[in-house]
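Residue-level listing of the chains:
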Amino acid sequence: QSALTQPPSASGSPGQSVTISCTGTSSDVGGYNYVSWYQQHPGKAPKLMIYEVSKRPSGVPDRFSGSKSGNTASLTVSGLQADDEAHYYCSSYAGSNIVFGGGTKLTVL
Amino acid sequence: EVQLLESGGGLVQPGGSLRLSCTASGFTFNSYAMNWVRQTPGKGLEWVSVIYSGGSVTYYADSVKGRFTISRDNSWKTLYLQMNSLRAEDTAVYYCAKPTYMSSWYSFDYWGQGTLVTVSS
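Residue positions are given per chain, counted from 1 along the sequence in the order it is written. In the order they appear in the text, chains get letters beginning with A and ligands get numbers beginning with 1. The model is predicted, so local features are restricted to residues of pLDDT at least 70 and side-chain atom pairs to those at 80 or more, both for listing and for counting; the totals for chains, interfaces and linings are taken over all residues. Values reported for side chains reflect all heavy atoms of the structure, with hydrogen atoms and water molecules removed beforehand.

Peer 1: Please explain the sheet that holds strand 6 (residues 72–77) of chain A as it appears in this structure.
Peer 2: Within a sheet, neighbouring strands are paired by backbone hydrogen bonds and run either parallel or antiparallel to one another. Residues and elements named next belong to chain A. DSSP-based pairing: two strands are paired if at least 2 bridges between them are found. For helices the rule is a DSSP run of H or I covering at least 4 residues; for strands it is a run of E covering at least 2, with both sets numbered from the N terminus onward. On the basis of which strands lie adjacent, the open sheet formed by three strands has the order 2-6-5 and antiparallel pairing. Either end of the sheet is taken by a strand with one partner, and the two such strands are strand 2 (18–23) and strand 5 (64–69). Sheet twist, expressed as the average angle between the axes of neighbouring strands with direction ignored, equals 20 degrees. Across six bridges, strand 5 lies against strand 6 in antiparallel orientation. Within strand 6, the position partnered with Ser67 by the bridge is Ser74. In this description, a line fitted to the C-alpha atoms serves as the axis of each element, helices being fitted only across the stretch in contact, and the angle between N-to-C directions of two axes falls anywhere from 0 to 180 degrees.

Next up, the structure:
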């Protein structure tokens, strides 16, 4: 049950796009289309942004998109806004358990 | 409106026990698997356990297997986590989390506010 690998930080200017990667193995990210992405602001509970690799829950802006290639999933945030500054966590089903990434702090410059 | 309200956290000595509760409302609780996820202070998220809707199937993270027990009371719409043999590394905010779908438990669209468990002498 090893954690997925995310870059510790990412940044971009307002209006720009940024992509956050999430690397696992064939036993988790590569083996299932059950990758999710969560946004977490300080002191708040995580919020689901993407599920099943690329689906957006109701109410999540289409500026947020997800994809996957092999053992690596990606979250792209386009048209960066100040409120997008937060921690982002990926997760994947791994066969009777869920593994999370270590999180990426997204800074809007 | 979906609401999840955790309780039962607190300070406990190493080797001690604690039982967390999560009271649900706003959705058909007995149709969904339910999960516990924890977050160590200043660190990332760690999935802890899941229990299927009927309560007969459970899975655990290796880090808690044999020490924690997940259970539910569908009549009271309440999820539980019995934590025994607690260690310092179990110190975390514990969240209960509702899956997006009734038919799976792999993503969580609603989370509680969390309850803090501190294991320290």
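There is more to say after this.
Peer 1: Just to check I follow, could you spell out the packing of aromatic side chains for this structure?
Peer 2: By convention here, two paired aromatic rings are described through the distance between centres and the angle between planes. Aromatic rings from Phe, Tyr and Trp, with only the six-membered ring used for Trp, were paired whenever their centres fell within 6.5 Å, and each pair was classed as stacked if the ring planes differed by under 30 degrees, edge-to-face if by over 60, and tilted otherwise. With the rule as written, the count across this model stands at 18 aromatic pairs over all chains. Aromatic pair Tyr32 of chain A and Tyr93 of chain A: ring centres 4.8 Å apart, planes at 75 degrees, arrangement edge-to-face. On the criterion of sequence distance, the pair formed by Tyr32 of chain A in the loop between strand 2 and strand 3 (35–40) and Tyr93 of chain A in strand 7 (residues 86–93) is long-range, its members being 61 residues apart. Residue burial is assigned from relative accessible area. The probe radius is 1.4 Å, only protein chains are included, and a residue is buried under 20% of its type maximum, exposed over 50%, and partly exposed in between. Tyr93 of chain A gets classed as buried once you look at its relative accessible area, which sits at 13%. Members of the aromatic cluster, each reached through a chain of ring pairs, are Tyr32, Tyr34 and Tyr93 of chain A together with Trp47, Tyr52, Tyr59, Trp105 and Tyr106 of chain B. Both a distance and an angle decide whether a charge sits over a ring: NZ of Lys or CZ of Arg must be within 6 Å of the ring centre and within 35 degrees of the ring normal. Sitting over the face of the ring of Phe29 of chain B, Arg72 of chain B holds its NZ or CZ atom 4.3 Å from the ring centroid. The side chain of Lys98 of chain B reaches across the aromatic face of Phe27 of chain B, ending 5.6 Å from its centre.

Peer 1: Could you clarify how one ought to interpret the side chain of Gln40 of chain A in this entry?
Peer 2: If you trace the backbone, Gln40 of chain A turns up in strand 3. On the basis of relative accessible area, Gln40 of chain A is assigned to the buried category, the value being 8%. At a separation of 2.9 Å, a polar atom in the side chain of Gln40 of chain A contacts the main-chain carbonyl oxygen of Lys44 of chain A. Residues count as neighbours in contact if any of their non-hydrogen atoms are within 4.5 Å of one another. Residues contacting Gln40 of chain A, with those up to four places away along its chain left out, are Ala45, Pro46, Ala86, His87 and Tyr89 of chain A together with Gln39 and Tyr95 of chain B. N or O atoms closer than or at 3.5 Å make up a polar contact, with two conditions inside protein: a donor-capable atom paired with an acceptor-capable one, and, for residues adjacent in sequence, both atoms drawn from side chains.

Peer 1: What exactly am I supposed to notice about unusual backbone geometry here?
Peer 2: Phi is positive for Val53 of chain A, close to 75 degrees, though the residue is something other than glycine. Residue class for Val53 of chain A comes out buried when judged on its relative accessible area of 10%.

Peer 1: Help me understand the environment of Met102 of chain B in this model?
Peer 2: Residue and element names in this part refer to chain B. Here Met102 shows up in the loop between strand 9 (92–99) and strand 10 (108–111). Classification of Met102 as exposed rests on a relative accessible area of 52%. Put simply, Met102 and Asn30 are 72 residues apart on the chain and 9.5 Å apart in space, counted from C-alpha to C-alpha. Setting aside residues up to four positions removed in sequence, Met102 forms contacts with Ser31 and Tyr32.

Peer 1: Help me understand the sheet that holds strand 1 (residues 3–7) of chain B in this model?
Peer 2: Residue and element names in this part refer to chain B. Strand order in this open sheet of four strands is 1-3-8-7, and the pairing throughout is antiparallel. Pairing within the sheet leaves two strands with one partner each, and these edge strands are strand 1 and strand 7 (68–73). Strand-to-strand twist in this sheet, taken as the mean axis angle between neighbours without regard to direction, amounts to 15 degrees. Relative to strand 3 (residues 18–25), strand 1 runs antiparallel, the two sharing five bridges. Opposite Leu4, over in strand 3, you have Ala24 as the bridge partner.

Peer 1: Looking at this structure, how should I read the pattern of salt bridges?
Peer 2: Side-chain pairing between opposite charges can occur once the charged atoms of the two side chains come close. Residues and elements named next belong to chain B. Counted as salt bridges are all cases of a side-chain nitrogen of Lys or Arg within 4 Å of a carboxyl oxygen of Asp or Glu. Going through the model one piece at a time under the given rule, you end up with seven salt bridges over all chains. Here Asp90 makes a salt bridge to Arg67, at a shortest N to O gap of 2.7 Å. Taken together, the residues span a long stretch of sequence, with Asp90 in the loop between strand 8 (78–83) and strand 9 and Arg67 in the loop between strand 6 (58–60) and strand 7 at a distance of 23 residues. Neither Asp90 nor Arg67 differs from the other in exposure class; each is buried. Where salt bridges share partners, they join Arg38, Glu46, Arg67 and Asp90 into one cluster.

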